Amino acid sequence: MLSVERYERIVNQLSESHVVRVGELGLKLGVTEKTIRGDLEVLEKRGLLKRIHGGAVLPEADDRILPIDERQSGRSETKQAIAKEALNLIRPNDTILMDGGSTTQALASLLGEWKVTVITNDIKIAHTLLNKNEVTLIVLGGERIHQSSSLLSTHAIQMLEKIRVNRLFLSATGVSIEYGLSVINSIYADWKKQIIKAADQVTLLADSTKFNKVALLQFAAIDDIHEIVTDKNLDKDTQLGIEQKNIKLYFAK
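Each chain has its residues counted from 1, running along the sequence as written. The model is predicted, so local features are restricted to residues of pLDDT at least 70 and side-chain atom pairs to those at 80 or more, both for listing and for counting; the totals for chains, interfaces and linings are taken over all residues. In computing side-chain values, all of the structure's heavy atoms are included and hydrogens and water are not.

**What to know about the sheet that holds strand 3 (residues 55-57)**
Piece 1. The sheet built from three strands is open, its strands ordered 1-3-2 with antiparallel pairing. The open sheet has two edge strands, strand 1 (19-21) and strand 2 (50-52), and neither has a second partner. Averaged over all neighbouring strand pairs, the angle between strand axes comes to 25°, with direction disregarded.
Piece 2. Contacts from helix 1 (residues 3-17) reach strand 1 and strand 3 within the one sheet, and its direction differs from that of strand 1 by about 130°.
Piece 3. Helix-sheet contacts for helix 3 (residues 33-45) involve strand 1, strand 2 and strand 3, and the interaxial angle to strand 2 is about 140°. Pairing between two strands is assigned when DSSP locates at least 2 bridges connecting them. Secondary structure follows DSSP: runs of H or I at least 4 residues long count as helices, runs of E at least 2 residues long count as strands, and numbering of each begins at the N terminus. Lines are fitted to the C-alpha atoms to define the axes, a helix being fitted only along its stretch in contact, and any angle between axes, read from their N-to-C directions, falls within 0 to 180 degrees. Only heavy atoms matter for contacts: two residues are in contact if any of them lie within 4.5 Å across the pair.

Here it is as structure tokens:
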């Protein structure tokens with residue numbers, strides 16, 4: 001098993017149980033306790049966990065990356081404000097691709113005032129758009145990814161290779177000028193790489209707590225993004241670094 005595969009399984013286990021033990025991980029992953037301790041050290045340096053005697057727990061910081069479900073359910077007012085700002089970027093008759101996530105779902109809830117075509121693989125977003133008469137909805141089907149609302153299949157990826165959209169609204173777990181955009185799961189990373197290729201404009205929707213964070217797997221460099229919609233709590237140094245990359249920044253009101 002590759003080290004990155006072990007990292008992913010350790011992080012997934014920690015996200016579910018909030019604590020992991022060296023001995024148990026060694027048995028599950030078929031490696032020595034020494035190897036597991038080395039893995040935990042690497043993940044601690046990335047801010048994904050805090051080592052304790054015999055194992056690891058979630059970091060104590062309020063802005064920790066894990067667990068993902070907890071992060072997605074928080075800051076709802078900020079995400080709604082980001083969604084309202086992002087709505088201004090959509091023009092009548094646009095074809096847009098919507099990545100899964102709580103902020104993109106908030107944007108989907110605002111659509112319906114004018115004609116637009118939406119392509120997504122997220123069943124929550126699809127459900128939000130289901131009864132909006134002005135929205136032409138295309139769902140890329142497949143198998144549910146873990147316990148998420150995202151669907152994925154070989155057929156969906158093949159469809160992506162044949163389409164071109166005006167704009168992609170993208171989500172990420174971590175955003176860093178130096179290390180790019182990252183997520184926890186390799187399946188999500190592969191999917192996001194594909195959808196970026198399908199868009200004329202790539203617009204990242206991310207609240208300020210996601211910046212200067214590095215999750216497990218990078219799926220894009222910061223230069224792959226054309227625009228970012230975030231909130232006004234983004235620190236000045238990060239703002240300056242993004243602007244120096246010639247990436248447009250929009251701030252939620």
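Next comes the rest of the write-up.
**Some details on the pairing of strand 12 (residues 199-205)**
Piece 1. Of all the seven residues making up strand 12, five are buried; the element is thus mostly covered by neighbouring parts of the structure.
Piece 2. Looking at chain direction, strand 12 and strand 14 (residues 227-230) are connected through three bridges and run parallel. Across the sheet, residue T203 finds its bridge partner in strand 14, namely E227. Buried residues are those whose accessible area, probed at 1.4 Å on protein chains only, stays under 20% of the maximum for their type, while exposed residues exceed 50% and partly exposed ones sit between those limits.

**Concerning the packing of helix 1 against helix 3**
Piece 1. Where helix 1 contacts helix 3, the axes come no closer than 10 Å and their chain directions differ by 75°. One finds that helix 1 runs roughly perpendicular with respect to helix 3. Here helix 1 contributes R6, Y7, I10 and V11 to the contact with helix 3, which in turn contributes T35, I36, D39, L40, V42 and L43.
Piece 2. When residue character is reported, Ala, Val, Leu, Ile, Met, Phe, Trp, Tyr, Cys and Pro are called nonpolar, Asp, Glu, Lys and Arg charged, and the others, Gly included, polar. Grouping the amino acids of the contact of helix 1 with helix 3 by side-chain chemistry returns seven nonpolar, one polar and two charged. Just so you know how the angles are binned, under 35 degrees is roughly parallel, over 145 roughly antiparallel, 65 to 115 roughly perpendicular, and the rest oblique.

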